[in-house]
Amino acid sequence: DAGVTQSPTHLIKTRGQQVTLRCSPKSGHDTVSWYQQALGQGPQFIFQYYEEEERQRGNFPDRFSGHQFPNYSSELNVNALLLGDSALYLCASSLDHYNEQFFGPGTRLTVL
Amino acid sequence: TQLLEQSPQFLSIQEGENLTVYCNSSSVFSSLQWYRQEPGEGPVLLVTVVTGGEVKKLKRLTFQFGDARKDSSLHITAAQPGDTGLYLCAGYLDMRFGAGTRLTVKP
């Protein structure tokens, strides 16, 4: 079992650009959550996907959007990148909302 | 805004020492989780505490949930360099994490 995988590992973008991050959940998991972790901070919840729909959303602007595919993998899209979007983006998967989340290693995004 | 406050923010100790880190909130949580995160990795769940006053032990780690379910503590006995990492608390189902305590255990 590969666990939760994320790609790419690192990414450098410039202000105003758009980025897509990808996540493959742990085998058997159907729920994917995305978090943003700024340097020196704890993870901040962005949103959660279940059955290809956004089920919960944290306090993030509409520039942050996502998608879940029929195979439960997920993408996080961020438009009009700002310097403050530089962070580690974590994906976590679980079997439904009520079970333990398993985190991937994250994608380190740097916005210049 | 972090609704969970963790203290201390940083802690550096020698191998063999004991330590306690805290997680406090003004909100009541149905349950609370503790994670450890190492550099370059995602957080790994250590424990979930559910009942007010509950104490759970995981080898040298002891977790306690406050009676009012607003706070929690993590006590490590005889810390080892392998305990080094960022310790995070999070409200279960609430998706909210504290900022963490960064622990360094020196050999």
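Preceding this paragraph is the structure being described.
Owing to the predicted nature of the structure, the values given are computational and were not obtained by experimental measurement. (Residues numbered from 1 in each chain as written. Chains lettered and ligands numbered in written order. Predicted model: local features only at pLDDT ≥ 70, side-chain atom pairs only at ≥ 80, totals over all residues. Heavy atoms only, no water.)

**Some remarks on unusual backbone geometry**
Here Ser7(A) and Pro8(A) are connected by a cis peptide whose omega angle stands at -10°. Cis geometry is found at the peptide bond from Ser7(B) to Pro8(B), where omega equals -10°. By secondary structure assignment, the location of Pro8(B) is in the loop between strand E1 (5-7) and strand E2 (10-14). Although it is not a glycine, Glu52(A) sits at a positive phi angle of roughly 65°. Here Glu52(A) shows up in the loop between strand E5 (44-50) and strand E6 (53-57). (Helix = DSSP H or I, 4+ residues; strand = E, 2+ residues; numbered from the N terminus.)

**Quick look at the interface of chain B and chain A**
Reports of interface size often rely on the accessible area that becomes lost once the parts have come together. In this assembly, 16 residues from chain B lie in contact with 21 residues from chain A. Here chain B packs against chain A, burying approximately 1400 Å² in sum over the two surfaces, 53% of which is carbon and sulfur. Counting the contacts that link chain B with chain A gives 0 salt bridges. Counting across the interface, chain B meets chain A through 2 residue pairs in polar contact (both at pLDDT 80 or more). Where the side of chain B that touches chain A is concerned, the elements lending two or more residues are strand E4 (32-37) and strand E9 (85-91) of chain B. The residue inventory of the side of chain B that touches chain A, partitioned by class, reads 10 nonpolar, 5 polar and 1 charged. (Contact = heavy atoms within 4.5 Å. Buried area = accessible area lost by both parts, 1.4 Å probe. Salt bridge = Lys/Arg side-chain N within 4 Å of Asp/Glu carboxyl O. Polar contact = N/O pair within 3.5 Å; in protein donor to acceptor, adjacent residues only side chain to side chain. Nonpolar A, V, L, I, M, F, W, Y, C, P; charged D, E, K, R; others polar.)

**A short note on the side chain of Asp83(B)**
Residue and element names in this part refer to chain B. Checked against the element boundaries, Asp83 lands in the loop between strand E8 (71-76) and E9. Within the structure, the side chain of Asp83 is placed 2.9 Å from the side chain of Arg60, a separation counted as a polar contact. Setting aside anything within four residues of it in sequence, one finds Asp83 in contact with Arg36, Arg60, Ile76, Leu103 and Val105.

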